[in-house]
Amino acid sequence: MSAPAIQEYFHVELPRRVNVAIPLGQTAEVLSVEPRDICLVPGVSAALLGISNQRGRLLWMLDLLQLLGVQHAWGRLPHQRWTALVMHDGSSPRQLACLVSQLRGIIHISPEQQQPVPQRLQREVQQYLQGFVQLDRLPILLLNVEAVFEAVARSPAPAL
């Protein structure tokens, strides 16, 4: 019997020091975007900040913190740049970019390190997570990318 495989994640920090790990196999690239390059779309979920044209393709910009139920406003200062991590749904070519405060790098997580999502988190938040780890006393939420794509597809918005 072989040992369960260690998984690789891209560790990012969101505003308010919320740490999230995204499966490395579902990350595509890192972008730098200016707020003025994001076209607001009325009537969509508050977590969708709008659409940006990235090298000729339209890409939804997601406020992952808002999706997780934490209220936060991204400042829109002139010449400000935001960092976005592009995620893709493993089963289709759909992509989303989530804004992040800081890129922390690649981390390796073994199945033994994973814990269930804490019960104190609201049920709306739990659906977007596949687990939780503590690395160097830092709590990191493990993102369920498919659940994020499903929620965005269900929200009042044009198709991804």
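Everything that follows concerns the structure shown earlier in this document.
Every chain is numbered independently, its residues counted from 1 as its sequence is written. Only residues with pLDDT of 70 or above have their local features reported here, since the model is predicted, and side-chain atom pairs are shown and tallied only from 80 upward, although totals for entire chains, interfaces and linings are computed over all residues. Computation of side-chain values covers all heavy atoms of the structure but excludes hydrogens and water.

**What about the nonpolar core?**
Judged by nonpolar contacts, the single largest core of 34 residues is most densely connected at Leu62, Leu64 and Met87. Only DSSP runs of H or I reaching four residues or more are called helices, and only runs of E reaching two or more are called strands; each is numbered from the N terminus. If you tally residues by element for this core, the top one is helix α3 (residues 145–154), at 6 residues. Among all residues touching Met87, those that are not within four sequence positions of it are Ile22, Gln26, Thr27, Leu62, Arg94, Gln95, Leu96, Cys98, Leu143, Val145, Val148 and Phe149. Among buried residues, those of type Ala, Val, Leu, Ile, Met, Phe, Trp, Tyr and Cys that are joined through side-chain atoms within 4.5 Å constitute a nonpolar core. Think of it in three bands: with a 1.4 Å probe and only protein chains considered, a residue is buried below 20% of the maximum accessible area for its type, exposed above 50%, and partly exposed in between. Grouped together as the second largest cluster of nonpolar side chains are 12 residues, Val33, Leu49, Leu59 and Ala84 included. Any two residues whose heavy atoms approach within 4.5 Å at even a single point are treated as in contact.

**A short note on the pattern of salt bridges**
A pairing counts as a salt bridge when a side-chain nitrogen of Lys or Arg comes within 4 Å of a carboxyl oxygen of Asp or Glu. According to the stated counting rule, one finds 6 salt bridges in the structure shown. In this structure, Glu13 engages Arg104 in a salt bridge whose closest nitrogen and oxygen atoms are separated by 2.3 Å. One end of the pair, Glu13, is in strand β1 (residues 7–14); the other, Arg104, is in strand β9 (residues 102–109), with 91 residues separating them in the sequence. A relative accessible area of 42% means that Arg104 is categorised as partly exposed.

**As for the pairing of strand β5 (residues 48–54)**
With respect to burial, β5 is a largely interior element, 6 of its 7 residues being buried. Where strand β4 (residues 38–39) lies against β5, 2 bridges are found, and the strand directions are antiparallel. Across the sheet, the residue bridging to Ile38 is Ser52, located in β5. Two strands are counted as paired when DSSP detects at least two bridges linking them. Taken together, the 6 bridges between β5 and strand β6 (residues 57–62) define a ladder with antiparallel strand orientation. The partner of Asn53 across the bridge, within β6, is Leu58.

**Brief notes about the sheet that holds strand β10 (residues 129–135)**
The strand order across the open sheet formed by 5 strands is β9-β1-β2-β11-β10, and the pairing between neighbours is mixed. Of all strands in the sheet, those bounded by a partner on one side alone are β9 and β10. Adjacent strand axes in the sheet meet at a mean angle of 30° when their direction is disregarded. In this structure, β1 lies alongside strand β2 (residues 18–23), joined through 6 bridges in antiparallel fashion. In the sheet register, His11 faces β2, and the bridge partner there is Ala21. Under this scheme, a helix contributes an axis fitted over its contacting stretch, all axes are lines through C-alpha atoms, and angles between N-to-C directions fall in the 0 to 180 degree range.

**Brief notes about the sheet that holds strand β7 (residues 82–88)**
Pairing in this open sheet of 6 strands is mixed, and the strands run β3-β7-β8-β6-β5-β4 from one edge to the other. Strands with a single pairing partner mark the edges of an open sheet, and in this sheet they are β3 (27–33) and β4. Across the sheet, α3 lies against β5, β6, β7 and β8 (95–100), angled at about 100° from β7, the strand it touches most.

**Structural notes on the environment of Arg81**
Mapped onto the secondary structure, Arg81 falls in the loop between α1 (64–67) and β7. Here the alpha-carbon distance between Arg81 and Pro35, two residues 46 residues apart in the chain, equals 6.9 Å. The contacts of Arg81, once residues within four sequence positions are left out, are Ser32, Val33 and Glu34. Any pair of N or O atoms that falls within 3.5 Å is considered a polar contact. Within protein, one atom must be able to donate a hydrogen and the other to accept it, and sequence-neighbouring residues count only if both atoms are side-chain atoms. Engagement of the side chain of Arg81 in a polar contact is seen with the side chain of Glu34, the distance being 2.8 Å.

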